[in-house]
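Architecture at a glance
Here are the chains, one letter per residue:
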Amino acid sequence: MATLRREADGGRWPNGEDRREALDQILSIPGWDALDLESDAPDLDALLAVVRHRGPDLRLVLSKHSFVAVEGAELAHQIMEVRNRAAELGAQVAKWAGFVMDLEDDGPELVRILSAWNDTALPAVFPMGLGAEPWRVACAVVCGGWGYGHDGTGAVAPGQLPWQALDALIGSVPGSDRWDREWFSGIVSATALALRDEVAA
């Protein structure tokens, strides 16, 4: 998956610099399956024009990042906002990644939102913050397997799991079509065990 994320969105591309030529060069290289673009980027329309020319068959992942912790209604609003924008643009995936003020309070609602998702764009939701690991697993399972793991060589988002552990958890944790505290307790236990095994290895 290709991306040219701005510094404002947690990437390395300098804010304000034109990304069109770089994206055109990247997409001229065959083999890309998907492209991740920010839903609120000021140059989104220009980048989509490049995509239509260079990679019309690419899957589009439309993203929203929140580096300021959100809670309750604002959390739901941001997720719905990127979902609606993805539907409007015909994106295949609507992605939200951000800090959640209190996952104990807002995590169950997050799972409920994803369980009730009914749209052409698949959801991909990655909560960040202290203790976010089991919530990332829960969201990935409810989202049908969409999750980001790290390989230990670069920067790691708070709550991000090693990809081997995340892959094993997604493949072994049973799905759920609603919020269920007992189901989530099993995810907490499985995640703690997977992380302990990862450290031991």
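Now for a quick tour of the structure. This structure is a prediction, so every number in the text was calculated from the model and none was measured.

1. Focus: the overall build of the protein
Looking only at helices and strands, the protein has 7 helices and 7 strands in total. Starting at the N terminus and walking to the C terminus, you meet the elements of the protein as β-α-β-α-β-α-β-α-β-α-β-β-α-α. Against the compact-globule benchmark of 17 Å for 201 residues, the protein has a radius of gyration of 17 Å, which places it among compact chains. Each of the three principal axes of the protein carries a C-alpha extent, and together these read 50 × 40 × 30 Å. In the protein, which comprises 201 residues, the share counted as buried stands at 45%. Contacts in the protein between residues at least 24 apart in sequence constitute 69% of all its contacts with a sequence separation of at least 6. Of the charged side chains in the protein, 17 are positive and 31 negative, and the gap between their average positions amounts to 3 Å.

2. Description of the pattern of salt bridges
A complete count under the given rule lists 13 salt bridges for this structure. The salt bridge involving aspartate 9 is made with arginine 6; its shortest N-O contact spans 2.6 Å. The buried category is assigned to aspartate 9, whose relative accessible area is 6%. Arginine 6 sits in the buried class, given a relative accessible area of 15%. Each of Arg6, Asp9, Asp40 and Lys64 takes part in one network of salt bridges that share partners.

3. Digging into the packing of helix H4 (residues 103-115) against helix H5 (residues 133-142)
Between H4 and H5, the shortest axis-to-axis distance is 9 Å and the interhelical angle comes to 10°. When the interaxial angle is binned, H4 and H5 end up roughly parallel. Residues Leu103, Gly107, Pro108, Leu110, Val111, Leu114 and Ser115 of H4 touch H5, and the partners they reach there are Trp135, Ala138, Cys139 and Val142. Residue composition of the contact of H4 with H5, grouped by class: 9 nonpolar, 2 polar and no charged.

4. Things to note about the state of the cysteines
Per the counting criterion, the structure on display carries 0 disulfides. Cysteine cysteine 139 shares no disulfide, and the gap to the nearest cysteine sulfur, in cysteine 143, comes to 5.9 Å. Under the relative-accessibility criterion, cysteine 139 is labelled buried at 1%. Looking at cysteine 143, the relative accessible area reads 5%, which means it is buried.

5. Some remarks on the nonpolar core
Core analysis: the biggest nonpolar cluster contains 58 residues, and Leu23, Ile79, Val137 and Trp183 have the highest contact counts within it. Ignoring any residue separated from it by four or fewer positions in sequence, one finds isoleucine 79 in contact with Trp96, Leu110, Ile113, Trp117 and Val125.

6. Topic: the pairing of strand E2 (residues 34-38)
Most of E2 is tucked away, with 5 of its 5 residues classed as buried. Both faces of E2 are covered, namely the face carrying Ala34, Asp36 and Glu38 and the face carrying Leu35 and Leu37. Relative to E2, strand E1 (residues 2-3) runs parallel, the two being bridged by 2 bridges. In the sheet register, alanine 2 faces E2, and the bridge partner there is leucine 35. Here E2 pairs with strand E3 (residues 59-70) via 5 bridges, running parallel.

7. Side note on the side chain of aspartate 36
Locating aspartate 36 in the fold gives a position in strand E2. Within polar-contact distance, the side chain of aspartate 36 engages the side chain of lysine 95 at 2.8 Å.

8. Re the sheet that holds strand E5 (residues 122-128)
In space, the 5 strands of this open sheet follow the order E1-E2-E3-E4-E5, with parallel pairing throughout. Edge strands, defined here as strands with exactly one partner in the open sheet, are E1 and E5. Sheet strands in contact with H4 are E3, strand E4 (93-100) and E5, and its direction is about 170° off that of E5.

9. Quick word on the environment of glycine 31
Among the structural elements, glycine 31 can be located in the loop between helix H1 (20-27) and E2. Assessed through its relative accessible area of 67%, glycine 31 is described here as exposed. For the pair glycine 31 and methionine 1, spaced 30 residues apart in the sequence, the C-alpha separation amounts to 9.3 Å.

Reading the values: the criteria
- Throughout this description, residue numbers start from 1 for each chain and increase along the sequence as written.
- Restriction of local features to residues with pLDDT of at least 70 applies here, the model being predicted, together with a cutoff of 80 or more for giving and counting side-chain atom pairs; totals for whole chains, interfaces and linings are based on all residues.
- For side-chain calculations, the full set of non-hydrogen atoms in the structure is used, while hydrogens and water are omitted.
- Per the convention used, a helix needs a DSSP run of H or I reaching at least four residues, while a strand needs a run of E reaching at least two, with both numbered from the N terminus.
- Values of the radius of gyration come from C-alpha atoms, whereas the globule rule sets the reference at 2.2 Å times the count of residues to the power 0.38.
- Here's how the labels work: a residue is buried when its accessible area is under 20% of the maximum for its type, exposed when over 50%, partly exposed in between, all with a 1.4 Å probe on protein chains only.
- Throughout, a residue-residue contact means that at least one pair of heavy atoms, one from each residue, lies within 4.5 Å.
- All tallies of charge rest on Lys and Arg as positive and Asp and Glu as negative; His and the ends of each chain are not included.
- Working definition for charges: the position is that of NZ of Lys, CZ of Arg, CG of Asp or CD of Glu.
- The salt bridge definition used is simple: a Lys or Arg side-chain nitrogen within 4 Å of an Asp or Glu carboxyl oxygen.
- Every axis corresponds to a line fitted to the C-alpha atoms, with the helix fit spanning only the stretch in contact, and the corresponding angles, defined between N-to-C directions, vary from 0 to 180 degrees.
- Throughout this description, any angle smaller than 35 degrees is read as roughly parallel, any larger than 145 degrees as roughly antiparallel, any in the 65 to 115 degree range as roughly perpendicular, and the remainder as oblique.
- In this count, Pro and Cys sit with the nonpolar residues alongside Ala, Val, Leu, Ile, Met, Phe, Trp and Tyr, while Asp, Glu, Lys and Arg are called charged and the others, Gly among them, polar.
- Criterion for a disulfide: a pair of cysteine sulfur atoms at a distance within 2.5 Å.
- The term nonpolar core refers to a set of buried residues drawn from Ala, Val, Leu, Ile, Met, Phe, Trp, Tyr and Cys, joined through side-chain atoms within 4.5 Å.
- The pairing criterion is simple: DSSP has to find at least two bridges between the two strands.
- For the purposes of these results, a polar contact is taken to be a pair of N or O atoms within 3.5 Å, where, inside protein, one atom must be able to donate a hydrogen and its partner to accept one; residues adjacent in sequence count only when each atom of the pair is a side-chain atom.

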